[in-house]
Amino acid sequence: MNWAQVLFNSCVTGSLYLISAVGLTLTYGLSRFPNFAHAEFMALGAYVGYWVTEQLGLGFPFTFIAAFLASGVLGFLSYKGIFQPLAKRGATIIHLMIASIALGFIVRHSIGEIWSWAPLFFRVAWSSFDVGMLRVTDIWLWLILAAVATGVIMHFLLVKTKIGKAIRATSSNPELALASGININRVTLTTWFTGAALAGIAGLFRAAGTRLSPLLGWDILLPTFAVTILGGIGSFYGAIAAAFIIGLIENVGVVILVNLGLSTEYRMAIAFGILILTLLIRPQGLTRMFRGT
Amino acid sequence: MDPLIYILDLVVFIGIFAIVALSLNLEYGFTGLGNFGKVAFFLIGAYTYALLIETGLSFVLCLIIAALLSGLIGSLISLPALRLREDYLAIVTLAFGEIIRIVVKAEHWIAHGVWGISVPPAIFWQGASFRMIIVTHIGLIFLCLLICFILVQLLTNSPYGRIIRAIREDEIAAATLGKNRLEYKAQVFMMGSAIAGLGGALFAQYIGYIEPYMFLPMLTFTVWIMVLLGGPANNWGVLLGATLVQLFDRGTKMVKDYLFVPVDPNNLQYILLGILIIFILLYRPGGLLKESQVKTKALEKAAQWKRHS
């Protein structure tokens, strides 16, 4: 068994989950409901990226900017247009979750209508090379780099900048934040934009590594939720740790599955198992960085 | 296709989905439990029925066992999540629906994975016409629906129903009155899953062939629309919701068959359903039919006192 490869693959998986889960955990912590349309934020980023590179013929850096902006704007609009009005009318958490699923269906089937349900592929050929025993593809290196960049930038944003501090304050105590003169509305909208935009980047990487399908985000939504809950809802650092823990368990788990002669489709079940265990043993997750009670 | 059969088929589906919607109404409408994995229990019911009927058991027994097994698995799944916040229950049940489909798909020894499994017909006799058979199916399904409806209606208008409504309105208040909220929630979840399992078994029995891709999360979502549109905590409303959503579903399928539209009707259907649900939540969160007032002797007396004073 090539354990170095398993470790490297865990890093790649963890990086993907990190980028997708940071946005989810921040919006979940702030608006206090799990946004199931996060999956479609990922899918939209991937498809807009595809449109920019493959159909407009622009370079790959533009792809990232396009995916970031498109998903970010969708996140902004969906909060402004759906979740905020619902919350103002006193919708329960179940109503908000149902609305997010409904939004997911609207976006997913719109994508299916525009780009068809057949799988699409990026024509960019990724070069792969060997480092010692490792087989490395350059898109994976970009993914790890993007995850590190996300971690570092978000860390400075949350710790050093005014808006980051406002996000943390609102997340831990909205009333106190409001009383301290923080514009909660602006903070929430910024978070939804950033979270969705990061989801778009995650979707783009997922699509570049595998393929495009309207169900692309839905396929990794469950591990993303597992990361969010294991890390502790609303906790940025918890999500980073949880992303790599789940990445590792999944990759080791796949090796075990293969050795046991079981289908690798159970990969999803591994994340589900971690989710259930977390809820049973430590429902508050690894850390409670930003939330007081 | 024979237009009469088309209508009869629609009636069958209204019946099956009304049963599933009733089960969600018991869980969500009356108790406030957000079960986002309804499809899982529908699937368990369907596959249990399909596998049992092959062994030659009588189909009534198969229906009962399918319902009981769904109920059992439902209570097991709900336990880790019920004592936590409602969003955890939603995530766990949603994920469970996906996992159970993966298991059935990956384990070929259960039911041939993606190849699906055919269900031997239980309703068949010498010289029966296709119409006669469908009418018999309708009879069976509506009998089950009637039983479930009476059961849920009696249950929710009994002292038990008032307790679960109290848990929905204010868990802590219910707990201070000495009601074990976890126990009540687990019981409701078990009953809801059992009824959904019965719906799944009837579905398998009618369709005659099942495969994992019939049990996508969309099914759960459709049932949610039925409950939210018709009116949560109103059993008549849920019947209305099931009928309207099925009619809408058939309507868009007819459009596909007879009319030309530039948009794929399949996509359009889901986009419209999504928009519809957001509009319901925004402008009519109580659904079409409102929850009826609880009627008890004590309330009547209180009303009398109020009039006299």
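That block above? That's the structure.
Novice: Go over the overall build of chain A with me, naming the residues and quoting the values.
Specialist: What chain A contains, in helices and strands, is 11 helices and two strands. Traced from its N-terminal end to its C-terminal end, chain A shows the element sequence α-α-α-α-β-β-α-α-α-α-α-α-α. For a compact globule of 293 residues, the expected C-alpha radius of gyration is about 19 Å, and chain A comes in at 19 Å, within 12% of that figure. Taking the principal axes of its C-alpha atoms as reference, chain A extends roughly 55 × 45 × 35 Å. Considering chain A as a whole, with its 293 residues, one finds that 57% of them fall into the buried category. The long-range fraction of contacts in chain A, counting pairs at least 24 apart against all pairs at least 6 apart in sequence, stands at 76%. In the structure as shown, chain A presents an accessible area of about 11800 Å², 69% of it carried by carbon and sulfur atoms. If you average the places of the 18 positive and of the 9 negative side-chain charges in chain A, the two averages end up 16 Å apart.

Novice: Explain the overall build of chain B residue by residue, including any values.
Specialist: Broken down by element type, chain B carries 13 helices and two strands. For 309 residues, the compact-globule estimate of 2.2 N^0.38 gives 19 Å, and chain B sits close to it at 20 Å. Once the C-alpha set of chain B is aligned to its principal axes, its extents read approximately 70 × 45 × 40 Å. Per-residue burial for chain B yields a buried fraction of 56% across its 309 residues.

Novice: So what's going on with the pairing of strand 2 (residues 134-137) of chain A? Residues and values would help.
Specialist: Residues and elements named next belong to chain A. Across four bridges, strand 1 (residues 128-131) lies against strand 2 in antiparallel orientation. Paired with D130 across the two strands is R135, which belongs to strand 2. The hairpin turn running from strand 1 into strand 2, its antiparallel successor, is two residues long, and G132 in that turn takes a positive phi close to 60 degrees.

Novice: Hey, could you go over the packing of helix 9 (residues 216-231) of chain A against helix 10 (residues 236-260) of chain A for me, with residue numbers and the actual values?
Specialist: All names here are of chain A. Remark: helix 9 packs on helix 10, axes separated minimally by 8 Å, with the N-to-C direction vectors making an angle of 130 degrees. The angle between the axes of helix 9 and helix 10 places the two elements in the oblique class. Crossing hand, helix 9 versus helix 10: right-handed. Here P223, A226, V227, L230 and G231 of helix 9 lie close against helix 10, whose contacting residues are G238, A239, A242, A243, I245, I246 and E250.

Novice: Requested: an account of the side chain of A:T137, with residues and values cited.
Specialist: Residue and element names in this part refer to chain A. Looking at where T137 falls in the secondary structure, it is placed in strand 2. Taking relative accessible area as the criterion, T137 reaches 14% and is therefore assigned buried. Dropping the residues within four chain positions of it, T137 is found in contact with W126, S127 and S128.

Novice: Before we move on, can you summarise the packing of aromatic side chains with the specific residues and values?
Specialist: All chains considered together, the criterion is met by 30 aromatic pairs over all chains. Ring centres 5.3 Å apart and planes at 55 degrees place the aromatic pair B:Y160 and B:Y184 in the tilted group. Of the two residues, B:Y160 sits in helix 7 (residues 159-169) while B:Y184 sits in helix 9 (residues 181-207), which places them 24 residues apart along the sequence. By the burial criterion, B:Y160 is buried, and B:Y184 matches it. One aromatic cluster is present, built from ring pairs that chain together B:F13, B:F17, B:F42, B:Y47, B:F203, B:Y206 and B:F215. Here A:R108 stacks its cationic end above the ring of A:W218, 5.0 Å away from the centre of that ring.

Novice: Could you give an account of the interface of chain B and chain A, with specific residues and numbers?
Specialist: With 44 residues of chain B at the interface, the matching set in chain A holds 41 residues. For the chain B and chain A pair, buried surface summed over both sides reaches about 3900 Å², with 77% attributable to carbon and sulfur atoms. By the criterion of area lost to chain A, the three top residues of chain B are B:I91, B:L281 and B:L282, representing 15% of everything that side buries. Seen at the junction of chain B and chain A, the total is zero salt bridges. Connecting chain B to chain A are eight residue pairs in polar contact (both at pLDDT 80 or more). Residue assignment for the side of chain B that touches chain A shows that the elements contributing at least two residues are helix 4 (86-106), helix 10 (217-230) and helix 12 (265-283) of chain B. A total of 15 residues in the side of chain B that touches chain A trace back to one element, the largest contributor, which is helix 4 of chain B. When its residues are assigned to classes, the side of chain B that touches chain A shows 32 nonpolar, four polar and eight charged.

Novice: With reference to specific residues and values, describe the pattern of salt bridges.
Specialist: Per the stated rule, a full pass over the model turns up nine salt bridges over all chains. A salt bridge links A:R108 to A:E40, with the shortest nitrogen-to-oxygen separation between them at 2.9 Å. Here the residue A:R108 occupies a position in helix 4 (residues 93-115), and A:E40 occupies one in helix 2 (residues 38-55), the gap between them amounting to 68 residues. Like A:R108, the residue A:E40 is buried in the burial classification. The shortest N-O distance in the salt bridge between B:E169 and B:R168 comes to 2.9 Å. Looking at B:E169, the relative accessible area reads 58%, which means it is exposed. For B:R168, a relative accessible area of 23% puts it in the partly exposed group.

Novice: Residue-level account of the packing of helix 2 (residues 38-54) of chain B against helix 4 of chain B, with values.
Specialist: Residues and elements named next belong to chain B. Running from N to C, helix 2 and helix 4 cross one another at 30 degrees; their axes reach a closest spacing of 8 Å. Classified by the angle their axes make, helix 2 and helix 4 are roughly parallel. Here V39, A40, F41, L43, I44 and Y47 of helix 2 lie close against helix 4, whose contacting residues are F96, G97, I100, R101 and V104.

Novice: How would you explain the side chain of B:R165 if you had to name every residue and give the values?
Specialist: Residue and element names in this part refer to chain B. Secondary-structure assignment places R165 in helix 7. By relative accessible area, R165 is classed as buried at 7%. In this structure the side chain of R165 is engaged in a polar contact, spanning 3.1 Å, whose partner is the backbone oxygen of T156. If we skip the residues at most four places from it in the chain, R165 touches F30, T156, N157, E291, S292 and V294.

What counts, and where the lines are drawn
- Residues numbered from 1 in each chain as written.
- Chains lettered and ligands numbered in written order.
- Predicted model: local features only at pLDDT ≥ 70, side-chain atom pairs only at ≥ 80, totals over all residues.
- Heavy atoms only, no water.
- Helix = DSSP H or I, 4+ residues; strand = E, 2+ residues; numbered from the N terminus.
- Rg over C-alpha atoms; globule rule 2.2 N^0.38 Å.
- Buried < 20%, exposed > 50% of the residue type's maximum accessible area, 1.4 Å probe, protein only.
- Contact = heavy atoms within 4.5 Å.
- Areas by Shrake-Rupley, 256 points an atom, 1.4 Å probe, with all protein chains shown as cover.
- Lys, Arg positive; Asp, Glu negative; His and termini not counted.
- Charge placed at Lys NZ, Arg CZ, Asp CG, Glu CD.
- Pairing = 2+ DSSP bridges.
- Axes fitted to C-alpha atoms, helices over the stretch in contact; angles between N-to-C directions.
- Parallel < 35°, antiparallel > 145°, perpendicular 65-115°, else oblique.
- Left-handed = near helix turned anticlockwise from the far one by under 90°.
- Phe/Tyr/Trp six-rings, centres within 6.5 Å; stacked < 30°, edge-to-face > 60°.
- Lys NZ or Arg CZ within 6 Å of the ring centre and 35° of its normal.
- Buried area = accessible area lost by both parts, 1.4 Å probe.
- Salt bridge = Lys/Arg side-chain N within 4 Å of Asp/Glu carboxyl O.
- Polar contact = N/O pair within 3.5 Å; in protein donor to acceptor, adjacent residues only side chain to side chain.
- Nonpolar A, V, L, I, M, F, W, Y, C, P; charged D, E, K, R; others polar.

Purely geometric numbers; function is a separate question.
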